[in-house]
Each structure stands twice: as structure tokens, then as C-alpha cells.
Amino acid sequence: MMFQIEYMIIKLDHKNRKARLSLRGSELLEVLREAEETNPKEVRSLWRPEYAEYMVEGTPGHPYGSLVQHFNIVEHNMSFRRSEVQSLLQPDEVVLSLTNFFRLGCEDFTHPPSWPNPNSGASRSLFFSEAAITQSHPRFATLTRNIRERRGEKVAINVPIYKDLKTPRPFVEDLSQYGDDGSSAAAAKEDHVYMDAMGFGMGCSCLQMTFQACNIREARVLYDHLTPLCPVMLALTAATPIYRGYLTDVDCRWDVISSSVDCRTREERGLEPLRNDRFVIPKSRYDSVDCYLSECGARYNDIPLVYDKQIYDQLVDSKIDEFMAQHVAHLFIRDSISLFSEKIHQDDEKEMDHFENIQSTNWQTMRFKLPPVNSNIGWRVEFRPCEVQLTDFENAAFGVFIVLLTRAILTFKLNMLIPISKVDENMKNCQKRNAVLDEKLWFRRDLFSRDCDKGDDASLMTVNEIINGKGEEFVGLIPLVRQYLGALDMDADTACTTGQYLNFISARAAGTAMTTAAWLRSFVTSHPEYKQDSVVSDGIAYDLIIAASEITQGKRECKELLGGTPKTRTSEDIPKAMKKIIQMTCIPPRNAEFVRLLLSEQQPPASFIDAPGWTARTDLAMPGPLDRELVVRV
């Protein structure tokens, strides 16, 4: 398992009570990556550039192990990563795991100062400056330019304004003051906050989790059964109610990012008849999952899937089953939006860059990840909807909970499947203001039914009912995870830590712990400088950043956000006694033919498996049905 967090660097002007985004990401990365370059086997963290120059992305130096004791090191590693960045900052800078900077796109939002240019550059934004796009890698500016040019116009992001007592009615901005030629005014909606650049979406931070499965079948099961959970977790982690200095009527970033990278032409959006393009495509390339992958899951694919028939036929002819073939062919209805000249001519039998070029720019709530060639990495599933939280405790809690839930799904053979159309409906409703308490989402009632033909068993439930249960009507996900943990032999420290994580998530679902979005909204509306006009001023944003930083550093209690004062027993490493029973394993590098055979679920030739050094062992981390013989290399 691997938990990825994106951080923002913020510079504070204490004299003028103003917070700005610090454009030092590339500079910091040079130092942060020195340890990886000099001693990659021992490094505790890995650092990568992200879309914006004020962002850095951190992951553990190595994937966490599969023992339950590894859950107790997750939070410690997150704290270590944060401290690494903080140690390199100037006295007036802070690092925050903040989903969205409150005044992104407002006047003077960066340090050093930078200005947008609506007449030139990659985005041609009225608000977002080119200098805020990461400068150390050409990919990000290239993506920005290509998305705009392919679409034939700037992206258009419209988020409903939060209508307070003194919010103008209707709320309509005069965009000419920013240099608009009339095109943005035409794209902007009444009573909405308008944004016009990829940076407003991809400049947000998030929490993403990747799990490695035992084989392709298990990966498909996890992909399918986690898909209905995406809207639930998005509501639980909601953290983004403020855009461009305005309070809005949504709590999440998802639809903002979806619009920010929507490269579909007018024909592909169904606004004009198809003449030059091949498909009418219902969604942006950043959106929710369009289809399940397993045979059982495919029976809940109740929305027609758009896919490239020629690619589908080619895959089926190569013995790929129809459900996987449809999934891959669906990815290829999109054009490449970033391709480097040195990657054009490749041997597809030995390299996967051509596939990954398309795969990596289909940003869905779940991602099914194939084993790379010439690597010991196996089949993986990436869980992508969660908004990043302010504290390492919260981020670790959500990450560990999802991993525990995957193990409960596999151990108890749970069935989470609901029609994919209802997942789409949930994705819309889960982003509404205070959805965690006020909205009901479709969820399966009988999680223990293994009859794929049973049909639609979904009913509307609150997030609290889904997470904590509903008496005898529905068991709840937290009770199921506790039942799974009850069968494990955990040390006291790990039991203490995981118990606090589950208590926190239970409280968040029940409403006794606020979502980050609710806390931010409450802070703004109760601030003495707030004028009940939906505006988050420089002074309010500054105080909010100070408060968030103090909470992050443990200098300020925030029981309403954390559900109490958590004190986990997280540690740097697992107990020494457990280390002695771990067998270091790796899977031999695969070539393209091996990946193709696995994808088609055919038996690879004996030459792939019966090589010297192969043996079998039992995965000690997963009890019950997961005590299986795994092929590994020792």
C-alpha cells in the first residue's frame, strides 16, 4: 500500500495580514530529492513535482508492508514527510496539506508576485498566472495548452455561490476588469463563481491510495467493490468550500477538477453534430468510473459505454475478455494531450509508455494499474476521490480505513455493487454543501449476498448509516472492519492507533466531528471581518491559514474537527519481533508478453514461473480466505 499526499507552500505577510502561495516548489524539490538520488534503498520519503509551482508531492520511500503492524507507521511517516518540507522553509513560510488555497486566482496571490495574461501563454487565464504552473517540468504547461487548444476554447468552471444575507442577487462579476474579451462573460453563469484555467483544478491537493493485489482477479474485485465507496469517502473528506476568494455552495473539489481538464470539443460534448470527431463523450476525462471490470460487476453496468470498437476487437482477438477489453477501449476514446518527442517511437513489446500516456490522463475515481514491464510491481488499484485533510492523523485515518475495508471485502467476500448510474448520481450529491449529514446516497443493503443476478439491492442511506450502521437493517462499514480486526493478533500500540482512527471516522460520519469543509465555512462565517457577502477577504484568509497551521502542528486544539484530542501510538517502524518473520520477496521482472497473458487470464508458460528461486509461501498478513499460497521469489 502507498499513500500519496500533495502539500502547499504558503508565505505569510504578518504585517499586512496576507497569505500568498510561495512559488518555490521546484527549488525545494532539488533538496528534497537529494536523499533519494544518493541512497535510494534507505530513503524514507520520495518527492515529485506536481502541477503547481507552490506544490510538492510526497510518498513513502517504499510501500508499506502487508502486516497489520504496518498501519501503525503510516501517520509517523506522514509527519516525517511534513517535517522534511518544513525544515527547508523560511521563517515566514508554512507547509499545509490544504485542498485548495482560499484566494487562488485573486489579485496578488503568489510570492514572488506574478500576473495572468489572458492574451498569451498556456492557459490565457484572466486569473491564474503562468508562473504558478510548475517550471521544472514541461509536462504541466504542455497539458494546459493542449487541453485549451484541443477544446477549441478556454475551460469553463462554474461553481454555485453561497448565497448569504448580503450576497449580490444575482451574483454576476464584471470580467472586463480582468481583460475579458467577452468570451469568459459568455461562459460564466449567473450566481456562480467563474474560473477559466486548469490550475484551478490541478492546483488542488488530494490524498490518494494505491493497493497491490495478489493477482488480476483480486485487483478487479477491489476496483469494482471500491467504486461505490468513492462518493461516500468524498463526502466524508469534504474540504473545499472556498474558490477565488468566495464561499461557494459546494464542499468538494471533484467537479472543479473535472471541468478544469475537460478537453472535449463542442462536437464531443454534444453541442454540435459530429463532423470531425468520432464520439459524443458524456464526461470529462477527469470524472467517476464508467464501468465495472469483473464479470459480476459488469451486470451492474447500466449506462451505455462509449469505446473504440477497433481497439475492442483487437483486444478480444488477443483473448482479452470482453469486460477488460471494453475498459481499455474506453480509455482510448481520448486523444493524447501530452506526448514528448523522445517517447514517440518505441517498441511496444518492451515499453508501456504509449499505453500509460493515455491511462495516466484518464483521471477517474478509481484507476486499474497494470504491472509495468521489467519490474517487480504487480497488479494495483488506485483509490482517488479523497480530499486531503489538514492533519497527519486525519490523512492516516482515512488511508488506513480504506485499506482495512479492502481486507474486509476480500475476507468476508462482501458485495458492494450497485448500478453504475447510481454511483454517478451519488457523485453529484456527495459534493453538495454539508452532504455528509444532509444528503442520502445509494448503497447496497445486503453486503453478504454473493448472487450476481440478484439485481439492484440499493437503497438511499445517510453517510452515517453507511459507515456506522442502521440497527438490524444495515450492518455498517465500521462494524465490519472492527469484526475483521477482532480476528487479528494485534499488538497494543497498533490496536490503540487503529481504534482511534475508526472512532474518528465514525464521529465524522455521525456529525460529532466536522468535515474540513464545514470547519472552514464556520470559521469564515463567524469571523468578525466577514460581511455576510460570501467574500473571503485577505484578512480572513490569513487568519484561517494561521489557524490551520497551528492545528497541523498541534499548537491549537480543534476538537470540533478531530472529534477530540487524538493521541495515537504511531511509530517509525514495526516491532522488531515482527521483522524477524518477514520474508523479503519480489516478483521477477515481466516482459510485455507476460503482462498480455495475465491480462487475458491465461496461464503463462512454465518458463515464466518455473525459474530458479521460485517458491510459495503464505501471506501472513491476511487471515481467513486470504491465507493462500502466493508465488513469490525469495
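Per an unreviewed UniProt entry, the chain carries the name Glutamate--cysteine ligase and comes from Penaeus vannamei. Per UniProt, the comment on the chain under Pathway (unreviewed entry) is "Sulfur metabolism; glutathione biosynthesis; glutathione from L-cysteine and L-glutamate: step 1/2." Heading Catalytic activity (unreviewed entry) of the UniProt record for the chain holds this comment: "L-cysteine + L-glutamate + ATP = gamma-L-glutamyl-L-cysteine + ADP + phosphate + H(+)".

### Here's the deal with the overall build of the chain
Helices and strands together make up the secondary structure of the chain, namely 25 helices and 19 strands. Referenced to the eigenvectors of the C-alpha coordinate spread, the extents of the chain come out at roughly 70 × 60 × 55 Å. Burial analysis of the chain (634 residues in total) assigns 59% to the buried set. Taking the intrachain contacts of the chain between residues at least 6 apart in sequence as the baseline, contacts between residues at least 24 apart amount to 73%. In the structure as shown, the chain presents an accessible area of about 25600 Å², 49% of it carried by carbon and sulfur atoms. If the 74 positive side-chain charges of the chain are averaged to one point and the 89 negative ones to another, these points end up 1 Å apart.

### Side note on the confidence of the model for the chain
Predicted coordinates in regions of low pLDDT should not be interpreted in detail. Per-residue confidence for the chain gives a mean pLDDT of 90; residues scoring 70 or more make up 90%. The low-confidence segment residues 583-592 (pLDDT under 50) makes 33 contacts with residues lying over four places distant or belonging to another chain. In the predicted structure, residues 603-634 sits below a pLDDT of 50 and forms 67 contacts with residues beyond four places in sequence or in another chain.

### Quick word on helix α15 (residues 420-429)
The buried fraction of α15 amounts to seven of the 10 residues, a majority that puts the element mostly inside the structure. For α15, the full list of buried residues reads I420, K422, V423, D424, N426, M427 and N429. Packing partners of the buried residues in α15 comprise α8 (230-236), α9 (254-260), α16 (435-438), β16 (440-444) and β17 (458-462).

### Some words on the pairing of strand β4 (residues 55-60)
Buried residues dominate β4, accounting for six of its six residues. Pairing between strand β1 (residues 2-13) and β4: four bridges, direction antiparallel. Across the sheet, I5 pairs through a bridge with G58, a residue of β4. The pairing of strand β3 (residues 45-49) with β4 spans five bridges and is antiparallel. The residue of β4 that forms the bridge with L46 is T59. Joining the antiparallel neighbours β3 and β4 is a turn of five residues.

### Some details on the environment of N415
Its place among the elements puts N415 in the loop between α14 (392-412) and α15. Placed 76 residues apart in sequence, N415 and L339 show a C-alpha to C-alpha distance of 40 Å. In this structure N415 touches H225, R444, D446, L447 and S449, once residues within four positions along its chain are discounted.

### Looking at the packing of aromatic side chains
On inspection of all chains with the given rule, the structure shows 20 aromatic pairs. Centre to centre, the rings of F3 and Y64 are 5.7 Å apart; their planes meet at 50°, and the pair counts as tilted. In this pair, F3 is assigned in strand β1 and Y64 in the loop between β4 and α3 (74-86), connecting sequence segments 61 residues apart. Y64 gets classed as buried once you look at its relative accessible area, which sits at 7%. Note on Y307 and Y312: the rings are 5.2 Å apart at their centroids and 50° apart in plane angle, and the pair reads as tilted. By the ring-pair criterion, three or more aromatic residues cluster together here, those being F109, F127, F128, Y178, Y194 and F200. The ring of W442 has K422 lying over it, and the distance from NZ or CZ to the ring centre is 3.9 Å.

### Topic: helix α7 (residues 216-226)
Counting buried positions along α7 yields nine of 11 residues, so the element is predominantly enclosed. Listed as buried for α7 are I216, E218, A219, R220, L222, Y223, D224, H225 and L226. The N-cap residue of α7 is N215: its side-chain oxygen and the backbone nitrogen of R217 are 3.1 Å apart.

### Digging into the pattern of salt bridges
For the structure shown, the criterion picks out 42 salt bridges. Between E268 and R150 there is a salt bridge, with its nearest N and O atoms 2.7 Å apart. Pair noted here: E268 is in the loop between α9 and β12 (286-287) and R150 is in helix α4 (residues 138-151), with a separation of 118 residues, a long-range link. For E268, a relative accessible area of 4% gives the class buried.

### A word on the nonpolar core
With 180 residues, the main nonpolar core has F401 and L477 as its most contacted residues. Considering every element that reaches this core, the biggest residue donor is α14, with 14 residues. Ignoring any residue separated from it by four or fewer positions in sequence, one finds F401 in contact with M233, I467, L477, I478, V481, L502 and I505.

### Side note on the side chain of T361
Here T361 lies in the loop between α13 (353-359) and β13 (363-364). Look at T361 and you get buried, because its relative accessible area is 2%. Excluding residues that lie within four positions of it along the chain, T361 makes contacts with R139, L143, R285 and I337.

### Quick word on a negative patch on the surface
Residues D347, D348, E349 and E351 make up a contiguous surface patch of negative charge. As for its position among the elements, E351 is in the loop between α12 (322-331) and α13.

### Details of the packing of α7 against α14
Taken N-terminus to C-terminus, the directions of α7 and α14 make an angle of 115°; their axes are 11 Å apart at the nearest point. Between α7 and α14, the angle falls in the class roughly perpendicular. Between α7 and α14 lies a crossing whose hand is right-handed. Of the residues in α14, those touching α7 at E218, V221, L222, H225 and L226 are T406, I409 and L410. Counted by class, the contact of α7 with α14 contains five nonpolar, two polar and one charged residues.

### Brief notes about the environment of D392
Mapping D392 onto the fold places it in helix α14. On a C-alpha basis, the gap between D392 and H76 in space is 8.2 Å, while along the polypeptide they are 316 residues apart. The contact partners of D392, leaving out residues within four places of it in the chain, are E75, M78, S79 and R82.

Each value, and the rule that gives it
Residues numbered from 1 in each chain as written. Predicted model: local features only at pLDDT ≥ 70, side-chain atom pairs only at ≥ 80, totals over all residues. Heavy atoms only, no water. UniProt positions renumbered as here; feature names shortened; annotations may be inferred. Helix = DSSP H or I, 4+ residues; strand = E, 2+ residues; numbered from the N terminus. Buried < 20%, exposed > 50% of the residue type's maximum accessible area, 1.4 Å probe, protein only. Contact = heavy atoms within 4.5 Å. Areas by Shrake-Rupley, 256 points an atom, 1.4 Å probe, with all protein chains shown as cover. Lys, Arg positive; Asp, Glu negative; His and termini not counted. Charge placed at Lys NZ, Arg CZ, Asp CG, Glu CD. pLDDT = per-residue confidence, 0-100. Pairing = 2+ DSSP bridges. Phe/Tyr/Trp six-rings, centres within 6.5 Å; stacked < 30°, edge-to-face > 60°. Lys NZ or Arg CZ within 6 Å of the ring centre and 35° of its normal. Polar contact = N/O pair within 3.5 Å; in protein donor to acceptor, adjacent residues only side chain to side chain. Salt bridge = Lys/Arg side-chain N within 4 Å of Asp/Glu carboxyl O. Core = buried A, V, L, I, M, F, W, Y, C linked by side-chain atoms within 4.5 Å. Patch = residues over 30% accessible without salt bridge, like charges linked within 9 Å, V, L, I, M, F, W, Y side chains within 5 Å. Axes fitted to C-alpha atoms, helices over the stretch in contact; angles between N-to-C directions. Parallel < 35°, antiparallel > 145°, perpendicular 65-115°, else oblique. Left-handed = near helix turned anticlockwise from the far one by under 90°. Nonpolar A, V, L, I, M, F, W, Y, C, P; charged D, E, K, R; others polar.

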